[in-house]
Amino acid sequence: MRTVELVCSAGLDAAIRTVWSRLAAARLPSLARTIHPTNRPHLTLAAVDDFPVGVGHRLAELFDAALPVPVTLDRVVVLDGSAPLVWLVRPTPALTALHAAVWDVLAEAAGQRPWHAPGAWVPHLSLALRFRDADLRLARAVTGGQRPTGSFDAARSYDGTDRTVTRLTRLR
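Residues numbered from 1 in each chain as written. Predicted model: local features only at pLDDT ≥ 70, side-chain atom pairs only at ≥ 80, totals over all residues. Heavy atoms only, no water.

### Focus: the overall build of the protein
Here is step 1 of the chain: What the protein contains, in helices and strands, is four helices and seven strands.
Here is step 2 of the chain: Against the globule reference of 16 Å for 172 residues, the protein gives a C-alpha radius of gyration of 16 Å, in line with a compact fold.
Here is step 3 of the chain: Referenced to the eigenvectors of the C-alpha coordinate spread, the extents of the protein come out at roughly 45 × 30 × 30 Å.
Here is step 4 of the chain: Evaluated residue by residue, the protein yields a buried proportion of 47% over its 172 residues.
Here is step 5 of the chain: Residue pairs at least 24 apart in sequence account for 78% of intrachain contacts in the protein once pairs closer than 6 positions are excluded.
Here is step 6 of the chain: Carbon and sulfur atoms make up 55% of the accessible area of the protein, which totals about 8,500 Å².
Here is step 7 of the chain: Mean positive and mean negative side-chain charge positions of the protein (20 and 15 charges, respectively) differ by 10 Å. (Helix = DSSP H or I, 4+ residues; strand = E, 2+ residues; numbered from the N terminus. Rg over C-alpha atoms; globule rule 2.2 N^0.38 Å. Buried < 20%, exposed > 50% of the residue type's maximum accessible area, 1.4 Å probe, protein only. Contact = heavy atoms within 4.5 Å. Areas by Shrake-Rupley, 256 points an atom, 1.4 Å probe, with all protein chains shown as cover. Lys, Arg positive; Asp, Glu negative; His and termini not counted. Charge placed at Lys NZ, Arg CZ, Asp CG, Glu CD.)

Put into structure tokens, the structure is as follows:
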């Protein structure tokens with residue numbers, strides 16, 4: 001599987017990592033415990049089985065033209081009732097247009113994951129996996145009700161087969 005992800009600006013990245021640490025300190029599930037070097041706050045735009053020939057280049061051109069994209073985070077929720085704890089991202093027209101453009105580039109890619117498709121996609125930054133609804137109140141207290149701002153200033157692709165990351169931006 002190959003993903004297409006937006007990477008947070010330094011300040012937004014630090015804010016998310018601080019919350020990861022606070023969740024861990026409160027003995028709640030947290031991505032702070034994921035020690036793989038590719039683990040960092042990101043927004044997934046799409047996931048496919050593999051990139052067709054030339055798609056990486058086309059995505060790089062798209063991102064070089066479109067980034068940075070300003071972002072404001074919204075509320076902290078548990079997706080699907082008992083799955084990941086996430087910080088929702090307020091979808092702006094620029095972010096929504098970029099997401100749609102990525103899907104246009106990936107139109108011929110096999111294995112498109114439908115939960116990332118325009119109309120179904122819930123833009124978010126993950127805080128923890130396999131989170132319980134019962135712990136949501138404490139998690140919200142730990143995050144402090146903040147609404148961090150920043151930008152998505154780079155893009156990357158994660159290859160789930162070999163667990164590596166490839167930059168999808170050239171100029172940054």
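### With respect to the confidence of the model for the protein
Here is step 1 of the chain: Of all residues in the protein, 98% attain a pLDDT of 70 or more, and the chain-wide mean is 93.
Here is step 2 of the chain: When pLDDT is averaged over each helix and strand of the protein, the minimum, 92, is found for helix 4 (residues 136–143) and the maximum, 98, for helix 3 (residues 93–105). (pLDDT = per-residue confidence, 0-100.)

### Details of the side chain of His116
Here is step 1 of the chain: One can find His116 in the loop between helix 3 and strand 5 (124–128).
Here is step 2 of the chain: Dropping the residues within four chain positions of it, His116 is found in contact with Thr44, Leu45, Ala46, Ala47, His99, Trp103 and Trp121.

### So, the pattern of salt bridges
Should the charged atoms of two oppositely charged side chains come close, the side chains can pair.
Here is step 1 of the chain: For the structure on display, the rule yields seven salt bridges.
Here is step 2 of the chain: Glu5 is the partner of Arg156 in a salt bridge, and the nearest nitrogen-oxygen pair spans 2.5 Å. Of this pair, Arg156 sits in strand 6 (residues 149–159) while Glu5 is found in strand 1 (residues 2–8), placing the two residues 151 residues apart along the sequence. The pair Arg156 / Glu5 is uniform in exposure class, with both members buried.
Here is step 3 of the chain: One salt bridge in this structure joins Asp13 and Arg40, with 3.7 Å as the shortest N-O distance. Of this pair, Asp13 sits in helix 1 (residues 10–25) while Arg40 sits in the loop between helix 1 and strand 2 (42–48); the two residues are 27 residues apart in sequence, bridging distant segments of the chain.
Here is step 4 of the chain: One salt-bridge network, in which partners are shared between bridges, spans Asp13, Arg17 and Arg40. (Salt bridge = Lys/Arg side-chain N within 4 Å of Asp/Glu carboxyl O.)

### Thoughts on the packing of aromatic side chains
Here is step 1 of the chain: Evaluation of the coordinates by the stated rule reveals zero aromatic pairs.
Here is step 2 of the chain: When the ring centre of Phe51 is taken as reference, the NZ or CZ atom of Arg2 above it lies at 4.3 Å. (Phe/Tyr/Trp six-rings, centres within 6.5 Å; stacked < 30°, edge-to-face > 60°. Lys NZ or Arg CZ within 6 Å of the ring centre and 35° of its normal.)

### Description of the pairing of strand 7 (residues 164–167)
Here is step 1 of the chain: Across four bridges, strand 6 lies against strand 7 in antiparallel orientation. Bridging across to strand 7, Asp159 finds its partner in Thr164.
Here is step 2 of the chain: Between strand 6 and strand 7, which follow one another and run antiparallel, lie four residues, and Arg163 among them has a positive phi close to 55°. (Pairing = 2+ DSSP bridges.)

### A word on the packing of helix 2 (residues 55–66) against helix 3
Here is step 1 of the chain: It is at 10 Å that the axes of helix 2 and helix 3 come closest, and there the two elements cross at 165°. For the element pair helix 2 / helix 3, the angle class is roughly antiparallel. Relative to helix 3, the crossing made by helix 2 is right-handed. Listed contacts from helix 3 to Val55, Arg58, Leu59, Leu62, Phe63 and Ala66 of helix 2 are Leu98, Ala101, Val102, Asp104 and Val105.
Here is step 2 of the chain: Residues belonging to the contact of helix 2 with helix 3 are distributed by class as follows: nine nonpolar, no polar and two charged. (Axes fitted to C-alpha atoms, helices over the stretch in contact; angles between N-to-C directions. Parallel < 35°, antiparallel > 145°, perpendicular 65-115°, else oblique. Left-handed = near helix turned anticlockwise from the far one by under 90°. Nonpolar A, V, L, I, M, F, W, Y, C, P; charged D, E, K, R; others polar.)

### Considering the nonpolar core
Here is step 1 of the chain: Ranked by size, the top nonpolar core spans 47 residues in total, and within it Val4, Leu6, Leu59, Phe63 and Leu85 carry the most contacts.
Here is step 2 of the chain: If sequence neighbours within four positions are ignored, Leu59 has contacts with Val4, Phe51, Val102, Val105 and Leu168. (Core = buried A, V, L, I, M, F, W, Y, C linked by side-chain atoms within 4.5 Å.)

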